[in-house]
Amino acid sequence: MSRNFRRGRGSRNQLGERNFYEAPQTFVDHDDRGERNNDRRGRNNTVRRVSFKPSGNGAGGRGKVSRAMQQLVRSHLNREEDEAMRGDMFDSDLRTHIGSNNNNNNRNRTNRGRRSGSPLPRGAGNTNLRKKLVPTQNSWYEVRIPYGQKYEKEFVLRSIQQAISPQFFIPLYYKAAESSVTFYVEDFATAEAIQKLDRKIATPDGRKMILLVRSNHPVFQVNDQLKERMKQAMVKRYNPVTKALNLEKFHADPDLSDIFCALFRPQIILVAIDIIAEHIPELEALNLNDNKLYMLDHLRSMATKIPNIKILYMAKNRIPYINTLDSLKALKLVELNLEENPLKQRYEDQTIYVSEIRKRFPKVIKLDNIDLPPPISFDVEDESKFPSSKASFLCDASGADLVRQFLEQYFVIFDSNNRQMLLEAYHEHAMFSLTVNTYHQNNQQKLAAYMHGNRNIKHKTDLDSRCRSLKQGRLQVVSYLSELPPTKHDPQSFAVDLTLFTPQLLLLTVTGVFKERKPNNNNEMIRSFQRSLVIVPSGGGFCIRNEMMHINGATRLQEEKSFKDATGFAVTPAPSLASTPAVSPLPAASAPDDNTKLQMVQALATQSTMNLDWSRRCLEETNWDYQRAEFAFGELQKQNRIPPEAFIKN
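Remember, it's a predicted structure, so these values are computed and weren't measured experimentally.

Visitor: Give a description of the overall build of the protein chain that names residues and reports values.
Guide: On a plain count of helices and strands, the protein chain comes out with 20 helices and 23 strands. Counting only residues that meet the buried cut, the protein chain has 38% of its 650 residues in that class. A total accessible area of about 38,600 Å² is found for the protein chain, and carbon and sulfur atoms account for 49% of it.

What follows is the structure, given as structure tokens:
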């Protein structure tokens, strides 16, 4: 008995072809289910023979197949296995398409790994094995036509175009090889339409054109030839007058029709940047529209290689997120175009979109062909030009002496036991505001003495409360300052900034530390402070028009460094007139001449009955401010601190 026949595979004819429906007459009706034979181990095994028994009552009788049917099946198989089976039988793509017309082969391939004699799965012989085409980020698709080299290029492309009309497609990089023709298309819709034409276009030899479509981009190699071709294409796209280079849809340039040069490939766009940096480093405008750009990390080098770029077009690309632009933040762009990019779809509010763009490109004044309002920013070209940080800053060195004298006189009085003497240091309509740092709960307990005057508008929500916390007028200001705990400031900790100095206005900020003086000198708390003062001219000197004070707990470092080397301000003991209050802590802008000084000395001597020497001394210590000298004399006389020798006439 034939081994092949026992396995159910059928016999072979002289050409080696399998006759699945033809069996020797000897075994057609033979049933040997009961026949047994012995294997080598002596066990009896039933030999199962396979016989083909057609159902129904055909004309050939039971178990017989007509000769006409055999000839029909044989001719069908021979025709389908002619060229396709001989040329690309084992090609994966072609095998997928011819499999639908050769159900016997599909059935055998499906049966692999299936137990012999088990029933065939339902529908297994009719499975559609065509690979489904899905959109990809690559967006390039390869179209391959087996045996397409036998037909003219014009016929192939015209037939496809007519079949998908009115849809239009542009074949790129058409190439005919020995066994097939390949070309590429750029979008998914076109690729899908071409795939649906598989085996639907008739060819001159009576066959159907096979169209195999898959996601793939053309192969390329970065070499000197590619660089030279890119350089030639860029020459005609550069405008030296406007210093602008147009690389829009660069891969579709007619001069690059036979070479793949897509800028969305990092290796290729890096070559383009190097060519620009070498030959046109003065470039100011670059158009990268419609190049399928997705990730921009490889464009980071533009800031150093093409630093003069001010205009950048990247419309009709595939930029997904706003933070993808972070690689370009170093560019000093004034115009940017991102139209028809996925990132724009993420912003329904145009204001938020503009804000996000300006976070990365603060100088942009035109976005997506729309003029924007001028950006609000400091006109600083280079951050390296910022002045170095200093402990204190004086916008005008000539104001250093005035600031020093002001601080000395003011804080000596502030740290004294009588702050009422500060009345003349404030303007009649002065305004004072105090804030306290209450971020930590412990601060509210430690700074409880200052909380009743706290005017932190973050917590003072109602208008009445804010108004009550604002001190207006010199009487209210000094009265409130007198209620604060007694202090001792550390002048060594002071950092002073004089940010504005004119004859009409001074803006002064001083920061430092002080400690609250206790009667028993135990547990003296150290605080940090900041006081911003607006000082204006008054009479022959200056006075405080507006003050904001901020109190906070001292840091550990401030506590360690405070009052280590402090000697305090030099205070002349009584009866020196330097410690007396004055109408203004600052001296007048200009001193009187000698004749005026002599007249002032004589007038003060007549009014105060002091001799000329003490009258001159009083005026000198008040910087020749007659009103201040007159006020100082009156205060010292009330305190009985003027010595008798001041009234002795020579």
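Visitor: Hey, could you go over the pairing of strand β23 (residues 541–553) for me, with residue numbers and the actual values?
Guide: In the sheet, strand β17 (residues 426–436) pairs with β23 via seven bridges, with the strands oriented parallel. If you follow methionine 431 over to β23, its bridge partner there is asparagine 546. Sheet topology places strand β22 (residues 526–538) next to β23; 12 bridges connect them, and they run antiparallel. Looking at β23, one finds that valine 534 is bridged to asparagine 546. Joining the antiparallel neighbours β22 and β23 is a turn of two residues, in which glycine 539 adopts a positive phi near 65°.

Visitor: Just give me the short version of the packing of aromatic side chains, but keep the residues and values in it.
Guide: The description of an aromatic ring pair uses the distance of the two centres, along with the angle that the planes make with each other. Per the stated rule, a full pass over the model turns up 14 aromatic pairs. Through pairs of rings, three or more aromatic residues link up here, namely Phe406, Tyr410, Phe411, Phe414, Tyr426, Phe494, Phe514 and Phe529. In this arrangement the basic side chain of lysine 515 is found over the ring face of phenylalanine 563, its NZ or CZ atom lying 4.5 Å from the centre. Seen from the ring of phenylalanine 414, arginine 531 lies directly overhead, with NZ or CZ sitting 4.7 Å from the centre.

Visitor: An account of the sheet that holds strand β12 (residues 311–313) is needed here, citing residue identities and associated values.
Guide: Within a beta sheet, neighbouring strands are joined by backbone hydrogen bonds and run either parallel or antiparallel to one another. Strand order in the open sheet made by the seven strands is β9-β10-β11-β12-β13-β14-β15, with mixed pairing throughout. The open sheet terminates on both sides in strands that have one partner only, identified here as β9 (238–239) and β15 (370–371). Pairing of strand β10 (residues 244–246) with strand β11 (residues 285–287), which is carried by three bridges, proceeds in the parallel orientation. Paired with leucine 245 across the two strands is leucine 286, which belongs to β11.

Visitor: Give a description of the side chain of threonine 324 that names residues and reports values.
Guide: Tracing the backbone through its elements, the reader meets threonine 324 in the loop between β12 and β13 (335–337). Polar contacts involving the side chain of threonine 324 include one to the main-chain carbonyl oxygen of tyrosine 321, which spans 3.0 Å.

Visitor: Describe helix α18 (residues 594–608), and please don't skip the residues or the numbers.
Guide: Helix length check: α18 (15 residues) gives 21 Å between terminal C-alpha atoms against 21 Å at 1.5 Å per residue, within 8%. Within the span of α18, buried status applies to Lys597, Met600, Val601, Leu604, Ala605 and Ser608. Along the long axis of α18, the arc covered by the buried residues comes to 130°, so they all point the same way. Facing away from the buried surface of α18 by more than 90 degrees, the exposed residues are Asn595 and Thr606. The inward-facing, buried residues of α18 contact α19 (612–621) and α20 (626–638). Positioned one or two residues after α18, threonine 609 has a phi angle of 65°, which is positive.

Visitor: Requested: an account of the packing of α18 against α20, with residues and values cited.
Guide: Across the interface, α18 lies against α20 with an axial gap of 11 Å and an inter-helix angle of 25°. As judged from the angle between their axes, α18 and α20 are roughly parallel. Handedness of the α18/α20 crossing: right-handed. Every residue of α20 that contacts α18 at Met600, Ala603, Leu604, Gln607 and Ser608 is listed here: Tyr626, Ala629, Glu630 and Phe633. Class assignment for the residues of the contact of α18 with α20 results in six nonpolar, two polar and one charged.

Visitor: Describe the pattern of salt bridges, naming the residues involved and giving the relevant values.
Guide: Here the structure, examined in full by the defined rule, presents 20 salt bridges. A salt bridge links lysine 292 to glutamate 186; the shortest N-O distance between them is 3.2 Å. Of the two residues, lysine 292 sits in the loop between β11 and α10 (302–305) while glutamate 186 sits in the loop between β7 (180–185) and α7 (188–195), which places them 106 residues apart along the sequence.

Visitor: Describe unusual backbone geometry, with residues and values.
Guide: Here the bond from serine 165 into proline 166 is cis, since omega is 10°, no more than 30 degrees from zero. With respect to the secondary-structure elements, proline 166 resides in the loop between α6 (153–164) and β6 (172–176). Of note, lysine 249 is a non-glycine position whose phi angle comes to about 45°, a positive value. Take lysine 249: it is sitting in the loop between β10 and α9 (266–279). The phi angle at asparagine 369 is positive, at roughly 65°, despite the residue not being glycine.

Visitor: Can you explain the sheet that holds β7? Please cite residues and give values.
Guide: With antiparallel pairing, four strands are arranged side by side in an open sheet as β6-β7-β5-β8. For this open sheet the edge positions go to β6 and β8 (212–215), each flanked by a neighbour on one side alone. Taking each pair of neighbouring strands and ignoring which way they run, the sheet shows an average axis angle of 15°. Both β6 and β7 contribute to a ladder of three bridges, which runs antiparallel. When the bridges of β7 are listed, lysine 175 appears paired with threonine 182. Sitting on the sheet, α6 is in contact with β5 (141–146), β6 and β7, with an inclination near 130° to β6. Each of β5, β7 and β8 touches α7; the most contacted strand, β7, lies at about 150° to it.

Visitor: Would you mind going over the environment of isoleucine 269 in detail, with residue names and values included?
Guide: By the element assignment, isoleucine 269 lies in helix α9. Here the alpha-carbon distance between isoleucine 269 and leucine 293, two residues 24 residues apart in the chain, equals 9.9 Å. The contacts of isoleucine 269, once residues within four sequence positions are left out, are Leu263, Leu293, His298 and Leu299.

Visitor: Tell me what's going on with helix α16 (residues 474–483), and back it up with residues and numbers.
Guide: For α16, the full list of buried residues reads Val477, Val478, Tyr480 and Leu481. The arc that holds every buried residue of α16, seen down its axis, measures 160°, which confines them to one face. Those residues of α16 that are exposed and aimed more than 90 degrees away from the buried face are Leu475 and Glu483. Close packing links the buried residues of α16 with α12 (400–414), β17, α14 (448–451), β18 (471–472), β22 and β23.

Visitor: Now, about the pairing of strand β21 (residues 506–516): what can you tell me, with residues and values included?
Guide: Sheet faces and side chains relate simply in a regular strand, where the side chains alternate between the two faces. Most of β21 sits out of view: eight of its 11 residues are buried. Where strand β19 (residues 487–489) lies against β21, three bridges are found, and the strand directions are antiparallel. Paired with histidine 489 across the two strands is phenylalanine 514, which belongs to β21. Bridge analysis of strand β20 (residues 495–501) against β21 gives six bridges, and the strand direction is antiparallel.

What counts, and at which threshold
Residues numbered from 1 in each chain as written. Predicted model: local features only at pLDDT ≥ 70, side-chain atom pairs only at ≥ 80, totals over all residues. Heavy atoms only, no water. Helix = DSSP H or I, 4+ residues; strand = E, 2+ residues; numbered from the N terminus. Buried < 20%, exposed > 50% of the residue type's maximum accessible area, 1.4 Å probe, protein only. Areas by Shrake-Rupley, 256 points an atom, 1.4 Å probe, with all protein chains shown as cover. Pairing = 2+ DSSP bridges. Phe/Tyr/Trp six-rings, centres within 6.5 Å; stacked < 30°, edge-to-face > 60°. Lys NZ or Arg CZ within 6 Å of the ring centre and 35° of its normal. Polar contact = N/O pair within 3.5 Å; in protein donor to acceptor, adjacent residues only side chain to side chain. Expected span 1.5 Å × (residues − 1). Arc of directions from axis to C-beta. Contact = heavy atoms within 4.5 Å. Axes fitted to C-alpha atoms, helices over the stretch in contact; angles between N-to-C directions. Parallel < 35°, antiparallel > 145°, perpendicular 65-115°, else oblique. Left-handed = near helix turned anticlockwise from the far one by under 90°. Nonpolar A, V, L, I, M, F, W, Y, C, P; charged D, E, K, R; others polar. Salt bridge = Lys/Arg side-chain N within 4 Å of Asp/Glu carboxyl O.

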